[in-house]
Amino acid sequence: MLKADVANRTAGFFKKNLETMPHKKRVEYHNQKLRRIVQYAYKNSVAFGSKMDSVGLKPKNIQTIKDLEKIPLTQKADLVELQKKNPPFGGFEGVPISELRRIFVSPGPIYEPGETDYDELGWAQGMFAGGFRPGDITINTFSYHMVPFALQMVDNSLHIIGCISIPTGIGNTEQQVNILKNFKATGYCGTPSFLLNIAEKAEEMGLDLKKDLNLKAGFVAAEMLPESLRSKLEEKFGMIIRQTYGTADVRCLGYECMKKNGMHIPDDKIVEIVDPETGKQLGPGKIGEIVATTFNKTYPLIRFGTGDLSILTETPCPCGRTSPRLIKIMGRVDQATKVRGLFIHPGQVDEVASRYPQVAKYQMVIKRREDKDEMILRIELKEEAPQSEKLKQEIEQSIRDVMKVRGDVQFILNGTLPEGAKKIEDQRTWE
Ligand SMILES: [Zn+2]
């Protein structure tokens with residue numbers, strides 16, 4: 001506990017040599033790891049071997065990250081069916097079942113093989129970047145049952161850093177508050193909303209969140225974290241809260257640093273942003289599906305499509321970490337629509353509208369005229385708000401900024417849009 005109190009939570013790196021390596025060196029590091037895992041998985045994972053064979057590829061054809069484009073995507077959405085056809089793991093496991101330590105069950109159900117010695121660094125890097133330090137006594141309030149996150153990933157990652165885990169799981173809020181108080185616990189792992197429950201319960205119990213409790217760092221996941229909720233919780237407890245992103249299958253794919261500047265991709269993953277239809281890499285600045293490749297021999301997933309959309313950036317982060325970052329998670333691929341070759345997503349429509357308090361209701365309509373896509377944002381303004389050409393032009397500029405596609409704004413009469421109207425209405429026909 002003492003060590004944690006004197007530690008500077010906002011500076012430093014967990015694995016400096018990895019986290020600060022120059023771009024070129026990271027690419028070479030990844031290419032080398034990629035060649036090894038492709039060799040290994042081709043031999044040891046039935047599913048990966050047959051995927052390669054089905055398109056006539058041999059491991060020697062995959063030398064670089066760019067070569068990954070040759071390998072068809074494996075979609076998370078298809079895992080349930082693939083596992084049914086070839087139980088229990090769909091042939092994606094890379095070791096015999098007798099060599100596993102645990103088997104996890106995620107909703108679907110999707111079964112996940114758990115390795116004997118967990119040594120992935122991603123989540124631990126994320127916790128450290130988010131202010132965790134050796135010696136932090138931490139309540140881990142994620143669910144320990146069935147799913148791999150709390151036990152396999154969070155618990156082990158706390159151990160990798162040198163923190164002490166109290167496996168409280170979810171619920172029993174009053175008991176959680178007492179545990180925090182009795183141990184002067186400094187770390188919290190869980191959802192943002194459960195931390196809010198804890199705050200409310202502690203206040204109800206007459207405790208002072210800053211004096212009676214001692215939380216310093218929070219590692220949150222599995223839920224959206226609105227900035228308003230983050231600042232409220234940070235303020236109430238006097239703690240740092242950082243979020244992370246990943247899946248049960250490919251694990252940590254991004255974590256925030258002190259600069260809250262998107263999510264750094266951990267060094268033990270290759271993350272591509274791709275066009276989900278063609279599998280082609282889109283590079284920085286364009287919205288596409290997050291596709292991950294792991295170096296995990298127990299569960300070697302290569303080109304695994306998460307179904308989530310994001311944008312990649314390689315601009316330097318002032319924290320000193322040199323890894324590329326996911327700007328934010330923009331929603332699900334199956335809700336996105338392609339307009340003039342670019343994906344647009346309901347979340348982007350919301351983002352444009354949220355910039356204008358005058359807007360009451362809105363819907364983006366996609367049409368096709370003379371073989372060209374047209375995008376029209378139909379807007380009902382609040383009754384007191386006047387329509388103007390200036391406002392129309394401002395919103396059209398915001399559409400260009402957020403979606404990178406040109407769109408027109410059309411003001412419509414109040415009551416035109418039905419309740420529960422779709423955010424994006426695609427009226428294109430393709431005869
Ligand atoms: Zn950073």
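Residues numbered from 1 in each chain as written. Predicted model: local features only at pLDDT ≥ 70, side-chain atom pairs only at ≥ 80, totals over all residues. Heavy atoms only, no water.

Draft legend 1. Fine view of the packing of aromatic side chains. All chains considered together, the criterion is met by 4 aromatic pairs. Measuring from centroid to centroid gives 5.5 Å for phenylalanine 14 and phenylalanine 128, while their planes differ by 35°, and the two rings are tilted. Of the two residues, phenylalanine 14 is situated in the loop between helix 1 (2–6) and helix 2 (16–19) and phenylalanine 128 in helix 6 (residues 122–129); the sequence distance between them amounts to 114 residues. Pair check on accessibility: phenylalanine 14 and phenylalanine 128 agree, each one buried. A centroid spacing of 6.3 Å and a plane angle of 90° characterise the contact between tryptophan 123 and phenylalanine 219, whose relative ring orientation is edge-to-face. With a gap of 96 residues between them, tryptophan 123 in helix 6 and phenylalanine 219 in strand 7 (residues 217–220) connect regions that are remote in the sequence. Site record: aromatic cluster; members linked through ring pairs are Trp123, Phe142, Phe149 and Phe219. The ring centre of phenylalanine 14 lies 5.3 Å from the NZ or CZ of lysine 15, which sits over that ring. Against the face of phenylalanine 128 rests arginine 133, its NZ or CZ located 3.7 Å from the ring centre. (Phe/Tyr/Trp six-rings, centres within 6.5 Å; stacked < 30°, edge-to-face > 60°. Helix = DSSP H or I, 4+ residues; strand = E, 2+ residues; numbered from the N terminus. Buried < 20%, exposed > 50% of the residue type's maximum accessible area, 1.4 Å probe, protein only. Lys NZ or Arg CZ within 6 Å of the ring centre and 35° of its normal.)

Draft legend 2. Spotlight on a nonpolar patch on the surface. A surface patch of nonpolar side chains, about 280 Å² in accessible area, is lined by Ile97, Ile103 and Tyr111. Tracing the backbone shows tyrosine 111 in strand 3 (residues 110–114). The exposure class of tyrosine 111 is partly exposed, given its relative accessible area of 33%. (Patch = residues over 30% accessible without salt bridge, like charges linked within 9 Å, V, L, I, M, F, W, Y side chains within 5 Å. Areas by Shrake-Rupley, 256 points an atom, 1.4 Å probe, with all protein chains shown as cover. Salt bridge = Lys/Arg side-chain N within 4 Å of Asp/Glu carboxyl O.)

Draft legend 3. Structural view of the packing of helix 9 (residues 192–204) against helix 10 (residues 227–237). Packing of helix 9 against helix 10 leaves a shortest axis separation of 11 Å and a crossing angle of 40°. In terms of orientation, helix 9 lies oblique with respect to helix 10. Our pair here, helix 9 against helix 10, has a crossing hand that is left-handed. The segment helix 9 lies against helix 10, with Pro192, Leu195, Leu196, Ile198, Ala199 and Glu203 engaging Leu229, Lys232, Leu233, Lys236 and Phe237. Of the residues assigned to the contact of helix 9 with helix 10, the class counts are 8 nonpolar, no polar and 3 charged. (Axes fitted to C-alpha atoms, helices over the stretch in contact; angles between N-to-C directions. Parallel < 35°, antiparallel > 145°, perpendicular 65-115°, else oblique. Left-handed = near helix turned anticlockwise from the far one by under 90°. Contact = heavy atoms within 4.5 Å. Nonpolar A, V, L, I, M, F, W, Y, C, P; charged D, E, K, R; others polar.)

Draft legend 4. Broad picture of the sheet that holds strand 18 (residues 372–381). Spatial strand order, 19-18-17-20: 4 strands in an open sheet with mixed pairing. Whereas interior strands pair on both sides, the edge strands pair on one side only; in this sheet they are strand 19 (408–411) and strand 20 (424–426). Adjacent strand axes in the sheet meet at a mean angle of 25°, parallel and antiparallel pairs treated alike. Lying over the sheet, helix 11 (residues 346–354) contacts strand 17 (359–369), strand 18 and strand 20, oriented at roughly 130° with respect to strand 17. Relative to the sheet, helix 12 (residues 389–403) contacts strand 17, strand 18 and strand 19, its axis offset from that of strand 19 by approximately 140°. (Pairing = 2+ DSSP bridges.)

Draft legend 5. Just the nonpolar core, in detail. Counting residues in each nonpolar core, the largest one holds 26 residues, and the members touching the most others are Met127, Phe132, Phe149, Val154, Ile161, Cys189 and Phe219. Residue assignment for this core shows that the elements contributing at least two residues are helix 6, helix 7 (149–161), strand 7 and strand 9 (251–255). Residue contacts for phenylalanine 132: discarding those within four places in its chain leaves Arg9, Met127, Thr138, Leu158, Ile161, Cys163, Gly187, Tyr188, Cys189, Ala217, Gly218 and Phe219. In terms of nonpolar packing, the next biggest core, distinct from the first, is built from 25 residues, Tyr188, Ala202, Val220 and Leu233 among them. (Core = buried A, V, L, I, M, F, W, Y, C linked by side-chain atoms within 4.5 Å.)

Draft legend 6. Representation of the coordination of the zinc ion within the structure. Donor atoms from the polypeptide that coordinate the zinc ion comprise Cys257 (SG), His264 (NE2), Cys317 (SG) and Cys319 (SG), at 2.1 to 2.3 Å from the metal. One can describe the donor arrangement at the zinc ion as tetrahedral, given that its 4 donor atoms subtend angles of 103 to 113° at the metal. Each donor residue of the zinc ion lies on one chain, and together they are spaced C-x6-H-x52-C-x1-C. Accessibility assignment for this pair places cysteine 257 and histidine 264 in one class, buried. (Donors = N, O, S within 2.8 Å, 3.2 Å for Na, K, Ca; no water. Tetrahedral: all angles 85-135°; square planar, octahedral: opposite > 155°, others 65-115°.)

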